[in-house]
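Here is what each chain is made of, one letter per residue.
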Amino acid sequence: MDNPRGKVSGKMSRVVLRGAIELYRVPIMAALGVVRFLATRELLDDAILCATCGAEIAILGLWECGRCGYTWAGWYFSPCEICGDTPPYISCNVCSASTANPLL
Ligand SMILES: [Zn+2]
Ligand SMILES: [Zn+2]
């Protein structure tokens, strides 16, 4: 009939399996985090390419927030430290076309 030992080992193997999944999940999540971090770093380069003419647009410099007027040195697309405003695009200084914020 019912074999209690089989039941216990079945429960045990489920626990072990869950443990193994957890064990693999952590480094996978960590690896994904690193990839996301690197992708963000890539976007936070000191220049991006214009979507229209391909010219380099410098995004590292001294900027003034369009909403509150706060001025800071850093990345154009990073949120304002005071009001959190994030510019949706940057204008190319070669062809004047706009390139969307790659972080949005
Ligand atoms: Zn351009
Ligand atoms: Zn601001």
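Higher on the page you've got the structure.
Given the structure is predicted, the values throughout are model-derived calculations rather than measurements.

Novice: So, the overall build of the protein chain: which residues are in play, and what are the values?
Specialist: From N to C terminus, the protein chain includes 1 helix and 6 strands. Listed by position from the N terminus, the elements making up the protein chain come as α-β-β-β-β-β-β. Taking all 104 residues of the protein chain together, the buried fraction comes to 5%. Across the protein chain, the fraction of contacts at a sequence separation of at least 24, relative to all contacts at a separation of at least 6, is 32%.

Novice: I'd like a rundown of the pairing of strand E4 (residues 71-75), residues and numbers included.
Specialist: Pairing analysis gives 5 bridges linking strand E3 (residues 60-64) to E4, with the strands arranged antiparallel. In the sheet register, Gly-61 faces E4, and the bridge partner there is Gly-74. Here E3 folds back onto E4 in antiparallel fashion, the turn holding 6 residues, of which Gly-69 has a positive phi close to 85°.

Novice: Outline the environment of Trp-75, listing residues and values.
Specialist: Looking at where Trp-75 falls in the secondary structure, it is placed in strand E4. Classification of Trp-75 as partly exposed rests on a count of 16 C-beta atoms within 10 Å.

Novice: Could you give an account of unusual backbone geometry, naming the residues involved and the relevant values?
Specialist: Phi is positive for Ser-96, which is not a glycine, with a value near 70°. When you line up the elements, Ser-96 lands in the loop between strand E5 (89-91) and strand E6 (98-100).

Novice: Residues and numbers for the environment of Ile-82, please.
Specialist: You can see Ile-82 is positioned in the loop between E4 and E5. You can call Ile-82 exposed: it has 12 C-beta atoms within 10 Å. Between the C-alpha atoms of Ile-82 and Cys-65, which are 17 residues apart in sequence, the distance is 9.0 Å. When neighbours within four sequence positions are excluded, Ile-82 is seen to be in contact with Cys-65, Cys-68 and Tyr-70.

The rules we used
Residues numbered from 1 in each chain as written. Chains lettered and ligands numbered in written order. Predicted model: local features only at pLDDT ≥ 70, side-chain atom pairs only at ≥ 80, totals over all residues. Helix = DSSP H or I, 4+ residues; strand = E, 2+ residues; numbered from the N terminus. Buried ≥ 20, exposed ≤ 12 C-beta atoms within 10 Å, placed from the backbone. Contact = placed C-beta atoms within 7 Å. Pairing = 2+ DSSP bridges.

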